[in-house]
Amino acid sequence: MRMDSKRNDIPPGDDKSGRTAIKVNGLNKWYDEFHVLKDISLSVSEKEIIVICGPSGSGKSTFIRCINHLEPYQEGSISIFGEQLAKNKKSAALIRDTIGMLFQNFNLFPHLTILENCTLGPIWLRNIPEDQAIEQATALLDRVGIAKMAPKYPGQISGGQQQRVAIARSLAMEPKIMLFDEPTSALDPEMIKEVLDVMIDLAGSGMTMICVTHEMQFAHQVADRVVFMAEGEIVEIGPPDQVLKNPEWDRTSQFLEHVLSH
Amino acid sequence: MDNQGTQKNELLKFVPRPNRPPITITYGPVGWLKKNLFGNIWNTLLTIAVFFLLFLLLKPFLEWTVLKAVWSASTRRECLEISPDGACWAGIFPWVNNLLYGLYPDNLQWRVNLGFGIGLLWFLPLALKKVQQKMMIALMGVLLFPFLANYLFLGGDRSIFHYTIACSALAYLLILYVNIGLTYLRCKRIEQYLEPFMARFSPKNATLLGHLTIWLIVTVLLAYIFRNQALEHVSVDAWGGLFLTLIISGVSIVMALPIGIILALGRRSEMVIIKWFSICTIELVRSVPMITVLFMSVTMLPLFFPNTMELNKLAQVLVAVCLFAGAYMAETVRGGLQAISRGQYDAAKSMGLGYWPTMILIILPQALRAMIPNIVTSFISLFKDTTLVSIIGLFDIMLMARNIAIDKNWLGLHAEPLVAISILFFVFCYTMSQYSQRLEKKLDTSR
């Protein structure tokens, strides 16, 4: 609970604390006839940590994939640091320079070594000389605690280690915002902690984060605000104590009962 | 937290046992025989029966090929007189030269040997461990070597441009080998010796500049040395035998992969025109027999070119075979592309990689790796399919082998040449398949 005291006095979602990192306005998305996201609006300030939870199929993954332009959407707008995203190369560069993303299935590149996974982006996209990129990647791997795995391939290490490599790979691009799409769902219980520790460490370093996760303990510990989504809508939003302890809506408390009884 | 900590200290500390090497069960060859072939009375009987059948089957073959075979005779009649039911290998020997080189003049065959020797030398470093930048070497080989080979094989007066590229190819190879030698002697590469000097002009690309400078110097030097060495022209019509087979299959194997990759990517493209062009090409070429494609290339291709342009048959055939091989390869590559999970695209995209970098750095290496067995199978069948060019009158090894049977000395000698080239084809194809298996093991990153 180290940074809670600091965070609690920041009015959540308020621009006073700094610039607005992400602003989502009236986002709507359909898969054919199915309305996946219904009028989602959310403003995230810099260095804020948002945890999104909700039952499966509620559109939370789709939502953060939209922020990263991995999914097209039909209506609404998303802007990153005041710049509105459009479907062109310029916003691709903006996303690349500001947003990093973590996936449920790690999605490391299996044909490259751990080190190469982390140096690929810097070398090819940020034009950093190879030796410098290797140095930087080694430092990052050290930070997530797996520097000695550098010459191995993703298939040779455990899931928790793979997810930590994925974090290092994202950090190598020096993002200002990190999106986490259920980063611990595919992990064995033993390995969840090692990934969460890295994420907590990251939260403490002032990264703007949006995490889709079912780890309520984690949400309590680091989140500035918790967003509860159901049926493609934001049902409830507020500080973790409010949403997780005294939810306003019955849909939220139903879900929490399910998750916490595990 | 502290409570838990002290509690944990009181528990017994778990130390994993050291790993033991896996148990290996070796009975030796005798043990293996006992266990697998003579385990019980039934097994023993079956083994004996199978071996007896094998013996019955193989005995006549062995008699024909070795025991009753004739190795030296001057005509087929003589062969039959010596041993009427043995193979007449004597008929192959006078034709060996033709089987290998076709009608290429005897005194110029060194050029063919030299060309293939240089080709082998070029791709040999790819198998060496200490060599760096293998992709570059292979790429340069594919780009430059054809010019050099063409210059050697065809000869005659060629344009200064062609001559220069041939010399630059030779220069590249020379520098490559000097550098390999230096690497194994633990010295610096040539361009690194030049680096301090080159750094004056461009500190960033000093090594590259050094390499280019040396390359240029050696090229000019070679061009000067060979300036009066005119090679006698050998028409493509005289090319033949294994030489021609290797050229056709080599070119089509090298070209099939890039054509296939482009068509496969085109087929999955979101751009409608490119997509439909790729689909039409693939489906049209795939649904026509190769012989038809070959005939069409010889009879129809000239219609598309001006009358004054003289096309050689080999070039036409090469275009046809490459297109055919490319269309098949496209579907193989597409299979590989489909095996790549969406997560890989997501990861590449969220990293900010564009379409081509994603394909070249992330997707294709994985797709091609997964498809190595299929790709090599295509290569092998392509290699064998090139024998079809004999039908449109190119003197490849197949036509040469059949010509033995109409030689007046060896009239009717059909089986022996076919067996001989079968053995030759087996050697080539088996090598390819073994190489692919080695490659697969080497590239397997999951273990």
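Refer to the preceding data block for the structure.
Residues numbered from 1 in each chain as written. Chains lettered and ligands numbered in written order. Predicted model: local features only at pLDDT ≥ 70, side-chain atom pairs only at ≥ 80, totals over all residues. Heavy atoms only, no water.

### As for the state of the cysteines
Working step 1: Under the criterion given, the structure shown has one disulfide over all chains.
Working step 2: Two residues, C79 of chain B and C88 of chain B, share a disulfide whose sulfurs are 2.0 Å apart. Residues C79 of chain B and C88 of chain B share a disulfide whose torsion about the S-S bond is about 75°; that sign makes it right-handed. We note that C79 of chain B, like C88 of chain B, is buried.
Working step 3: This cysteine, C66 of chain A, is not joined by any disulfide, and C211 of chain A carries the nearest cysteine sulfur, 18 Å off.
Working step 4: Here C322 of chain B stays free of any disulfide, with the sulfur of C429 of chain B as its closest cysteine sulfur at 18 Å.
Working step 5: The class for C322 of chain B is buried, based on a relative accessible area of 8%. (Disulfide = S-S within 2.5 Å. Buried < 20%, exposed > 50% of the residue type's maximum accessible area, 1.4 Å probe, protein only.)

### Some thoughts on the nonpolar core
Working step 1: Counting 119 residues, the largest nonpolar core has F63 and I80 of chain A together with W239 of chain B as the members making the most contacts within it.
Working step 2: Once residues within four sequence positions are removed from consideration, F63 of chain A is found in contact with V24, L27, L37, I40, L42, I52 and M229 of chain A.
Working step 3: Judged by nonpolar contacts, the second largest core, of 51 residues, contains F106, M191, L256 and V259 of chain A. (Core = buried A, V, L, I, M, F, W, Y, C linked by side-chain atoms within 4.5 Å. Contact = heavy atoms within 4.5 Å.)

### With respect to the sheet that holds strand 8 (residues 208-212) of chain A
All names here are of chain A.
Working step 1: Sheet architecture is open: six strands sit in the order 6-7-8-3-9-10, paired in mixed fashion. Pairing within the sheet leaves two strands with one partner each, and these edge strands are strand 6 (99-102) and strand 10 (233-238). Between one strand axis and the next, the sheet turns through 15° on average, direction left out of account.
Working step 2: Relative to strand 9 (residues 225-230), strand 3 (residues 49-53) runs parallel, the two sharing four bridges. Each bridged residue has a counterpart across the sheet, and for I52 the counterpart in strand 9 is V227. (Pairing = 2+ DSSP bridges. Helix = DSSP H or I, 4+ residues; strand = E, 2+ residues; numbered from the N terminus. Axes fitted to C-alpha atoms, helices over the stretch in contact; angles between N-to-C directions.)

### Quick word on the packing of aromatic side chains
Residue and element names in this part refer to chain B.
Working step 1: Following the criterion strictly, the structure yields 18 aromatic pairs over all chains and no others.
Working step 2: With a centroid separation of 5.9 Å and an interplanar angle of 65°, the aromatic rings of W64 and W89 are classed as edge-to-face. Linking W64 in helix 3 (residues 41-67) with W89 in the loop between helix 4 (76-82) and helix 5 (96-101), this pair joins segments that are 25 residues apart in sequence.
Working step 3: Both rings, one in W239 and one in F243, keep their centres 5.4 Å apart while their planes meet at 45°; by these two values the pair is tilted. Considered together, W239 and F243 belong to a single accessibility category, that of buried residues.
Working step 4: Ring pairing ties together the aromatic residues Y104, F116, F153, W239 and F243, which thus form one cluster. (Phe/Tyr/Trp six-rings, centres within 6.5 Å; stacked < 30°, edge-to-face > 60°.)

Fair warning: the whole summary comes from geometry, so function is off the table for now.
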